[in-house]
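Report on the structure
One-letter residues, chain by chain:
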Amino acid sequence: MAIQDVEQIFADIVARARRLDAHNSRNWFDQLRLVHLNGGSLLIGCQDHARRQYLEDNCGKIFTLAAQQITGHLVTIGFTVENGEKTDSAVSLRQRQFKLHPDYTFDNFVVGPCNRLAHASCIAVSQSPGNTYNPLFLYGNSGLGKTHLLHAVCHTMAPGGVIAFLSCEEFVNGFIQAIEHGNLAGFQDQFRTVNALVIDDVQFLSDREQSQEEFFHTFNALYNNSRQIILSADSSPADIPALEERLISRFSWGLVARIDPPSHDTRVAILKKKANLRGLEISDEVAEYIARKVRANIRELEGALTTLQANAITKNTEITMELASATFGSEFESSARNINITDIIDVVTRHYDVRLADLQSKKRSQSITMPRQICMYLARNLTRHSLEEIGGHLGGRDHTTVMHACSKIGDAEKSDPKIHATITELTRQVVQTPVT
Ligand code: ADP
Ligand code: MG
């Protein structure tokens, strides 16, 4: 077979695989290269270990099927790292210890007011581990990008350093096993010799006294040697239940950065980034539409994109506004649904120390008008209530009053950093209100 023919077959196989599994397909599949195709085996080259791992974990079956469909016979698929990426021992050690997701890089992370500090501190730490913020502690609700940032740090940290990256659950389980097998020293050594220790979801230490004790010693050993420690959790150190005081204080020694739910603009930017990563075209209108439907959590936002993509494939159409509204319409479930206007009123009245009766009254003093307008604005942003319904909850005001309030607070949020901070904080409190 001529080389062009083989290249063409390879291109067809990749194209077929993309179509068979659009969900796992990525824009960097364009850079996959044919290493060899002969004797019933196809070896595919990619750029780095994270991508090879991703392909092995997610795409083996699909490439096998695609190759079989295109060539007409069974082909064994292999993936390899092809280019000259440094394969010095430190890099390979890192790669064997844990899997990094190729999507979770700084390039693919959208920065907004909600995560700016967390992002900047991760960049700083990855450029100069052990010398800037130590430890770095990220916290925020589920699905807001903590794990993504931790992966990005590990992707970026200068090669030559050894990193241990694991979930807190893995740490705890490893510790328990080490005790069972009488190999505590071995367990301890693997962490005490690293340049950076990155542990995701440390709230898992809650109530686990022995593991906390062990973690305390690991922490001290690394800290005293200026080794970088990066931790994430779903709440601030002080709010992790049943966590020893000495750990709470250590976790706060460096920088504690909170990640808030994303604003509308950030959600739109994230959707576009995710679509681009998957080689999907979505219009501004569709991105705006989805961003309005899904508000609290980026994992859900991505899920909405996946649903839409799957629907486009099933119906064999482009992703249009019609498809988006047919897909989500009124049935769309998201956590935004669970927020109701009384949650908002509770949070706002507590914050401004006013009574609901005042908000509903005819009073027009600034100290009452402002919280009332903020309630309207948050209700408009975080619930599905109509302008009329929102007005109804706040003393039977008509829809133009609500509209006016929304645009006034919206403008103030953009121009006044104090209002912006207040809205962000109130939004966070509303979103965190447990669903009853
Ligand atoms: P957490 O660990 O906080 O629960 P993850 O890091 O797993 O959240 O994020 C959930 C999903 O949202 C991931 O696919 C991640 O890539 C995506 N994501 C979160 N924040 C951002 C962001 N700022 N830009 C792009 N993608 C993001
Ligand atoms: Mg996570």
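A brief look at the structure comes next. What you are looking at is a predicted structure, and each value in this text was computed from that prediction instead of being measured. (Residues numbered from 1 in each chain as written. Chains lettered and ligands numbered in written order. Predicted model: local features only at pLDDT ≥ 70, side-chain atom pairs only at ≥ 80, totals over all residues. Heavy atoms only, no water.)

**Structural notes on the layout of surface pockets**
Cut-off, in case you're wondering: The method works on a 1 Å grid over the protein atoms by themselves. A cavity is a set of points holding a 1.4 Å probe that cannot get out, a pocket is an open set with protein on both sides within 12 Å along at least five of seven lines, and residues with an atom within 4 Å of a point line them. Grid points are joined across faces, edges and corners, and a volume is the space filled by probe spheres set on the points. All amino acids are sorted into three groups, where Ala, Val, Leu, Ile, Met, Phe, Trp, Tyr, Cys and Pro are nonpolar, Asp, Glu, Lys and Arg are charged, and the leftover types, Gly among them, are polar.
Size it by volume and the largest pocket reaches roughly 1,100 Å³. Lining the largest pocket we find 39 residues, and of these S263, H264, R267, R295 and N381 sit closest to its centre. The residue makeup of the lining of the largest pocket, split by class, is 13 nonpolar, 13 polar and 13 charged.

**So, helix α11 (residues 264-277)**
Our working rule: For the purposes of this entry, the term helix denotes a DSSP run of H or I that reaches at least four residues, the term strand denotes a run of E that reaches at least two, and both are numbered from the N terminus. Expected span of a helix, by definition, is 1.5 Å for each gap between consecutive residues, and there is one gap fewer than residues. Exposure categories follow from relative accessible area, calculated using a 1.4 Å probe and restricted to protein chains: below 20% of the type maximum is buried, above 50% is exposed, and the middle band is partly exposed. The contact rule is simple, with two residues in contact once any of their heavy atoms fall within 4.5 Å.
The first and last C-alpha atoms of α11 sit 20 Å apart over 14 residues, in line with the 20 Å expected at 1.5 Å per residue. Looking only at α11, the buried set comprises T266, R267, V268, I270, L271, K274, A275 and L277. Buried residues along α11 sit in contact with α6 (146-156), α12 (284-293) and α13 (298-315). Backbone geometry just after α11 places G279 at a positive phi near 70°.

**Focus: the environment of A11**
As for its position among the elements, A11 is in helix α1 (residues 3-20). It is 48 Å that separates the C-alpha atoms of A11 and G186, two residues lying 175 residues apart in sequence.

**Observations concerning unusual backbone geometry**
With an omega of -5°, the peptide bond between N134 and P135 qualifies as cis. If you trace the backbone, P135 turns up in the loop between α5 (116-127) and β4 (136-140). Unlike most non-glycine residues, S226 shows phi in positive territory, near 55°. Tracing the backbone through its elements, the reader meets S226 in the loop between α9 (209-224) and β7 (228-233). In this structure, A242 takes a positive phi of about 45° despite not being glycine. Turning to its location among the elements, A242 is positioned in the loop between β7 and α10 (245-251). Judged by relative accessible area, which is 45%, A242 ranks as partly exposed.

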